[in-house]
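What follows is the residue order along each chain.
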Amino acid sequence: MTQTQLFSSGLELANFVVSLDVLHDAWTAIWNLYTEISQKEEPSSSVKFKIYEPLNCTIIAFFTWPANSKDCVQGNKGGDFVTSSALKGYFPDLFNFLCTKDNPEFSINKPALELFTSIFDELPKSVMANSKPLIITGNSLGGSVASLFTLSLLKKINFKNTERPLCITFGSPLIGDEDLQEAISKYAAWNSCFLHVVSDQDPVPRVLFNGYQPFGTFLMFSKMGCSCFEDPRTILELLKATYSGSPGNQDPNPVFDVYGTFVKDINRKVICKDTTKLPERTTQPLRACIITQIVATGLKQPEQQRQNVDVNIIIKETEKREKLKPKREAFDPTKGLNDIKVNMAFLEQYKKLSIDNGMGYYDRYKIESCNGMTTIDMDLERYKKSLTIYWKDMVDQAEKRPQTVGAFLRTRSLFGGTNYRRMIEPLDIANYYNKGLSDYINNGRSEHYEKLEQWLKEMKETEKPSSSSGPNDLKKQNVKSSLTEDSCFWAHVEEALILCELLTGRESSAMNKESSKKKRKASAMDEESSKKKLVEFENYVYGLMKNYAVSSEIFLPKSSFMKWWGEYREIMGTSCSSPLANLIKNVENHKEYSKGTLVIPEM
């Protein structure tokens, strides 16, 4: 991908966002809240909120009366800031986590902060405990309150096992200075939580410029279409240049309706098509993409001007900034798919050859990594590296993009990512334990494996449960060539081997000083406690086998698993008569399992 395509992703992102129900759901919540309030009380400058529970998500909507928003936002000529240091005296734990050594202080718009703190004690404190996706939304200053509430949640979120909230604002003013922007933008996972929808007819998002900076993604729309922008300077320039209203027309209520109309019509819109005059062919590709996106926001063609704003200058400055960005290709999940398939095919062949030689591919790789690699092994390393780069990038992009787009990438790539994880992670485990290290799952596992596994789990939770709890016939028939479903299986085997070595007083030749120290410490452990852990591992293996979820290569003579079994049987002695023991003792059972014909009883 070129830089041109990278910049034009704003159009693709806008098309993707408006094709989903998420904007409709968010605006419907705001409109319902507005309807409820308007029937009960007179307009006021306060903020109201309500929690809605549709089937697919939880929505917290904030509403402020449009007629009061512009005046409230401006405050003391828009210059009212509250610094984070001043805020510590009243709410010491609210936003203090955003401060760092390099960025010790930031400022927030005072009217927005006052509205937020006025209802802070009423706000739900455990919304992230809900398993459904969370959408936080608001209009105008209600959008500012929604942004602040979302920021207050970021401290509590463990992004490894919790889906991030998505904050969608409609016509929200900017809420903080450059230091706040830097604090949020430093972490892509935080920055991608915010989607700000701005109409070219709305003055409110444009009343605060002096010292204020945007963060998150801005979806800017007009009658010409819409496009998304993430570069802060480009967003500021477009906010200033794209306002189509006039100073004399400041009734905000029709503007409020503009957002409802936009959300209602988005499924029928074709963005930047048939309404946009594309640049001449002589225009540079990057410049052409910039012009196309900017025209979608409502600006006229670059040779024309609006409100004394020279659109050419905006285009030139945007182009300059894009060229100065680090030269990094935009990630395309479809790019190189053929290469990925070739690399995986090589791994499959390596696995088959290893089995034919009486050794699983995990153990072959582990042994040859220590003893010196052949040409085949070096090719394997090359393919392994290429696959890991691809999938790390895939996971990284899915995490950085706004929630809905990330979900799209995750779903699209889940099948391939699962096969990759189950094939490649065992090789990383082999490298890890070859270094004499221990506790791979907690200390050595890459985050991209955790994410791929988490996404698979989330997908399974949304599926309808199967009518049969056991493995199907196809799964049984393919067990010999299949991959073990738990990609950390061999890490569990290695930990079980370490326990056996500790209990028997033997020390692995690969064990380094760190492991030796752990060995001495563990030798004082209660023997029954150690045996209990081994029994837990035994039950874990039996559960995998009962579901045909572990490859039959574990029974190969040179397998690390069979090595563990020999040592475990020696430790347990004649008392070793568990369901797994009874199964493994009979070699015929190994053959029956590899054919998918072994009937494994309940424990």
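Please read all numbers here as calculations on a predicted model, not as lab measurements.

Before going further, it helps to spend a moment on the pairing of strand β9 (residues 225-229). With respect to burial, β9 is a largely interior element, five of its five residues being buried. Here β9 shows two buried faces, one formed by Gly-225, Ser-227 and Phe-229 and the other by Cys-226 and Cys-228. Of the pairings in the sheet, the one linking strand β8 (residues 217-222) to β9 comprises five bridges and is antiparallel in character. By the bridge assignment, Phe-218 is partnered in β9 with Phe-229. Where β8 folds back on β9, the antiparallel hairpin that results is connected by two residues.

Nonpolar side chains in soluble globular proteins tend to be buried together. Grouped together as the largest cluster of nonpolar side chains are 67 residues, with contacts concentrated most on Phe-489, Met-545, Phe-555, Phe-561, Trp-564 and Tyr-593. With 10 residues, helix α20 (residues 489-504) is the single largest residue contributor to this core. Phe-489 has contacts with Thr-484, Tyr-540, Val-541, Leu-544, Val-550, Ile-554 and Phe-561, leaving out every residue within four places of it along the chain. Val-47, Leu-98, Ala-112 and Ile-136 belong to the second-largest nonpolar core, a separate cluster that totals 39 residues.

Okay, the packing of aromatic side chains next. Scanning the entire structure with this criterion turns up 39 aromatic pairs. The structure contains a cluster of three or more aromatic residues connected by ring pairs, namely Tyr-362, Phe-489, Trp-490, Phe-537, Tyr-540, Tyr-548, Phe-555, Phe-561, Trp-564, Trp-565, Tyr-568 and Tyr-593. Note that Arg-382 overlies the ring of Tyr-383, its terminal NZ or CZ placed 4.7 Å from the centroid.

Moving on, we get to the packing of helix α22 (residues 527-546) against helix α23 (residues 560-572). The description of two packed helices rests on the angle between their axes and on the distance between the axes. Close contact between α22 and α23 brings their axes to 12 Å; oriented N to C, the two are set at 135 degrees. The orientation of α22 with respect to α23, classified from their angle, is oblique. Crossing hand, α22 versus α23: left-handed. Between α22, through Lys-531, Leu-534, Val-535, Phe-537, Glu-538 and Val-541, and α23, the contact on the second element is made entirely by Phe-561, Trp-564, Tyr-568, Ile-571 and Met-572. Grouping the constituent residues of the contact of α22 with α23 by class yields nine nonpolar, no polar and two charged.

Our focus in this paragraph is the packing of helix α5 (residues 110-118) against helix α6 (residues 140-154). Between α5 and α6, the least distance of the axes is 9 Å, while the angle of their chain directions is 65 degrees. Between α5 and α6, the angle is such that the two are roughly perpendicular. Crossing hand, α5 versus α6: right-handed. In contact with Ala-112, Leu-113, Leu-115 and Phe-116 of α5, α6 contributes Leu-141, Ser-144, Val-145, Leu-148, Phe-149 and Ser-152. The residue makeup of the contact of α5 with α6, split by class, is eight nonpolar, two polar and no charged.

Let us look at the environment of Asp-363. On the secondary structure map, Asp-363 appears in helix α14 (residues 361-371). Look at Asp-363 and you get buried, because its relative accessible area is 4%. Excluding residues that lie within four positions of it along the chain, Asp-363 makes contacts with Trp-490, Lys-558, Ser-559 and Ser-560. Of note is the side chain of Asp-363, whose polar atom sits 2.2 Å from the side chain of Ser-560.

Below, the discussion takes up the sheet that holds strand β2 (residues 58-63). Strand order in the open sheet formed by seven strands is β1-β2-β5-β6-β7-β8-β9, with mixed pairing between adjacent strands. With partners counted over all chains shown, the strands left at the sheet margins are β1 (48-52) and β9, one partner each. Pairwise comparison of adjacent strand axes, ignoring direction, gives a mean angle of 15 degrees for this sheet. In this sheet, β2 lies alongside β1 in antiparallel orientation, the contact comprising five bridges. Along β2, the bridge assignment pairs Phe-49 with Phe-62. Together, β1, β2, β5 (134-139), β6 (166-170), β7 (194-199) and β8 form the strand contacts of helix α2 (residues 22-38), whose direction differs from that of β2 by roughly 50 degrees. The strands touched by α6 are β2, β5, β6 and β7; relative to β5, the strand with the most contacts, the crossing angle is about 150 degrees.

Chain-level pLDDT for the protein chain is 77 on average; 71% of the residues reach the 70-or-more range. Mean pLDDT across the secondary structure elements of the protein chain bottoms out at strand β10 (residues 305-306), with 45, and peaks at helix α17 (residues 440-443), with 94. Counting interchain partners and residues more than four positions distant, the pLDDT-below-50 stretch residues 1-9 has 24 contacts. This model gives residues 269-283 a pLDDT under 50, and the stretch forms 19 contacts once residues within four places in sequence are excluded.

Secondary-structure assignment places Val-263 in helix α10 (residues 252-265). Residue Val-263 is classed as buried on the basis of its relative accessible area of 4%. Each C-alpha atom of the pair Val-263 and Val-22 lies 9.9 Å from the other, and the pair is 241 residues apart in sequence. Once residues within four sequence positions are removed from consideration, Val-263 is found in contact with Leu-23, His-24, Trp-27 and Phe-170.

A few words now on unusual backbone geometry. Phi at Ser-140 takes a positive value of approximately 50 degrees, unusual for a residue other than glycine. Here Ser-140 falls in the buried class, since its relative accessible area comes to 6%. Positive phi, close to 50 degrees, is recorded for Tyr-548, a residue that is not glycine. By relative accessible area, Tyr-548 is classed as buried at 3%.

Rules behind the numbers
- Once a new chain begins, its residue numbering starts again from 1 and follows that chain's sequence as written.
- This being a predicted model, a pLDDT of at least 70 is required before a residue's local features are given, and a value of 80 or more before pairs of side-chain atoms are given or counted; all residues contribute to the totals for chains, interfaces and linings.
- To obtain the side-chain values, all non-hydrogen atoms of the structure were used and water was disregarded.
- Only protein chains enter the accessibility calculation, which uses a 1.4 Å probe; a residue whose area is less than 20% of its type maximum is buried, one above 50% is exposed, and one in between is partly exposed.
- We count a stretch as a helix when DSSP gives it H or I for four or more residues in a row; a strand needs E for two or more, and each element gets its number in order from the N terminus.
- A strand pair is defined by DSSP finding two or more bridges across the two strands.
- Among buried residues, those of type Ala, Val, Leu, Ile, Met, Phe, Trp, Tyr and Cys that are joined through side-chain atoms within 4.5 Å constitute a nonpolar core.
- The contact rule is simple, with two residues in contact once any of their heavy atoms fall within 4.5 Å.
- Two aromatic rings from Phe, Tyr or Trp, using only the six-membered ring of Trp, form a pair when their centres are within 6.5 Å; if the ring planes differ by under 30 degrees the pair is stacked, by over 60 it is edge-to-face, and anything between is tilted.
- We call a charge positioned over a ring when the NZ of a Lys or the CZ of an Arg lies within 6 Å of the ring centre and within 35 degrees of the ring normal.
- Every axis corresponds to a line fitted to the C-alpha atoms, with the helix fit spanning only the stretch in contact, and the corresponding angles, defined between N-to-C directions, vary from 0 to 180 degrees.
- Our angle categories are set so that under 35 degrees counts as roughly parallel, over 145 as roughly antiparallel, 65 to 115 as roughly perpendicular, and the remainder as oblique.
- Throughout, a crossing is termed right-handed when the near helix is turned clockwise from the far one, and left-handed when it is turned anticlockwise from it by less than a right angle.
- Note on residue categories: nonpolar means Ala, Val, Leu, Ile, Met, Phe, Trp, Tyr, Cys or Pro, charged means Asp, Glu, Lys or Arg, and polar means any other residue, Gly included.
- Between N or O atoms, a polar contact is any pair within 3.5 Å; within protein, one atom must be a potential hydrogen donor and the other a potential acceptor, and residues adjacent in sequence are included only when both atoms are from side chains.
- The predictor's confidence in any single residue is recorded as pLDDT, a number from 0 to 100.

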